Amino acid sequence: MSEIFLRPLARHDVEKIHAWHNDTELYESLVGSYRPVTLQDVANWMEHRLAPSATESNWAICHRETNEHLGNFYLREIDRQAGTCELHLFLGKALHRGRGYGTAAVREGIRLAFEVLGLREILLRVLSSNRAAIHVYEKCGFRRRQGLPDFALKSHGPVEVQVMVLQRLESGTPPDDSAKRDSGTRDSATRKDPGNAR
């Protein structure tokens, strides 16, 4: 059984998310640009996230044994007609990265998108410098999409943004690549409005 589970975001998550989204170091690994946010900014953002929506699905990544809130997982730009969505993910603390939590969250998100929502394609954006995140996404079946490069501005200058895509097979969710690769390797990965990342 996975060490993590996804639960819907809740109002009591605001303070922790506020701290994460004022963490400049965290945002160096994310596509979104850092900007400081107030507690009220995040509270307002949360109310919007909790409102019923046909175009997004927002979750807290939690540890199964301790129930600790480790990070956030979002499916955004959900288009039921086209069968597509965009995935966003982050783990808030460095000590929770590299332990398999991100990989487990991505796999659960794939199940949610394909088996629950019935979508056929998931897209994500990741910094080309974030090798750990790219490894996780590749291990979960994502492949790089070729096209004109995009860039995110970080403190040390522009960084190329890589687009990755996962398509659902006719028979269901894609196969787990971890059996073909280093199944023992555990990594985690991750845009920003005050609660959005990669």
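Notes on the structure follow. (Residues numbered from 1 in each chain as written. Predicted model: local features only at pLDDT ≥ 70, side-chain atom pairs only at ≥ 80, totals over all residues. Heavy atoms only, no water.)

## Here's the deal with the packing of helix H4 (residues 101-116) against helix H5 (residues 131-139)
Here's step 1: Running from N to C, H4 and H5 cross one another at 40°; their axes reach a closest spacing of 10 Å. Judged by the angle between their axes, H4 and H5 are oblique. Viewed along their axes, H4 and H5 form a crossing whose handedness is right-handed. Contacts between H4 and H5 involve Gly102, Thr103, Val106 and Arg107 from the former and Val136, Tyr137 and Lys139 from the latter.
Here's step 2: Here the contact of H4 with H5 is built from residues that sort into 3 nonpolar, 2 polar and 2 charged. (Axes fitted to C-alpha atoms, helices over the stretch in contact; angles between N-to-C directions. Helix = DSSP H or I, 4+ residues; strand = E, 2+ residues; numbered from the N terminus. Parallel < 35°, antiparallel > 145°, perpendicular 65-115°, else oblique. Left-handed = near helix turned anticlockwise from the far one by under 90°. Contact = heavy atoms within 4.5 Å. Nonpolar A, V, L, I, M, F, W, Y, C, P; charged D, E, K, R; others polar.)

## Observations regarding the pairing of strand S4 (residues 84-91)
Residues in a regular strand point their side chains to alternate faces of the sheet.
Here's step 1: Where burial is concerned, most of S4 is hidden: 8 out of the 8 residues are buried.
Here's step 2: By the alternation rule, side chains of S4 split into Thr84, Glu86, His88 and Phe90 and Cys85, Leu87, Leu89 and Leu91, which are all buried.
Here's step 3: Two strands pair when backbone bridges link them, and strand S3 (residues 69-79) and S4 are joined in this way by 7 bridges, in the antiparallel orientation. Bridged to Arg76 within S4 is Glu86. (Buried < 20%, exposed > 50% of the residue type's maximum accessible area, 1.4 Å probe, protein only. Pairing = 2+ DSSP bridges.)

## Structural notes on the pattern of salt bridges
Here's step 1: Under the defined criterion, the tally for this structure stands at 7 salt bridges.
Here's step 2: Across the pair Glu56 and Arg49 runs a salt bridge whose closest N-O atoms are separated by 2.5 Å. Each of the two residues, Glu56 as well as Arg49, counts as buried.
Here's step 3: The residue Glu121 makes a salt bridge to Arg145 at a minimum N-O spacing of 3.4 Å. (Salt bridge = Lys/Arg side-chain N within 4 Å of Asp/Glu carboxyl O.)

## Section: the pairing of S3
Here's step 1: Most of S3 is tucked away: 9 of the 11 residues are buried.
Here's step 2: Both strand S2 (residues 57-63) and S3 contribute to a ladder of 6 bridges, which runs antiparallel. Across the sheet, Ala60 pairs through a bridge with Asn72, a residue of S3.
Here's step 3: Taken together, S2 and the strand that follows it, S3, pair antiparallel across an intervening segment of 5 residues, in which Asn67 is found at a positive phi of about 65°.
Here's step 4: Where S3 folds back onto S4 in an antiparallel hairpin, the turn is made up of 4 residues, including Gly83, whose phi is positive at roughly 80°.

## Here we look at the nonpolar core
Here's step 1: By size, the foremost hydrophobic cluster in this structure holds 33 residues, and its most contacted members are Leu75, Leu87, Ile122, Tyr137 and Phe142.
Here's step 2: Sorting the residues of this core by element identifies strand S1 (4-8), S2, S3, S4, H4, strand S5 (121-127), H5 and strand S8 (157-167) as the ones contributing at least two each.
Here's step 3: Per element, the largest residue contribution to this core is 8 residues, and it comes from H4. (Core = buried A, V, L, I, M, F, W, Y, C linked by side-chain atoms within 4.5 Å.)

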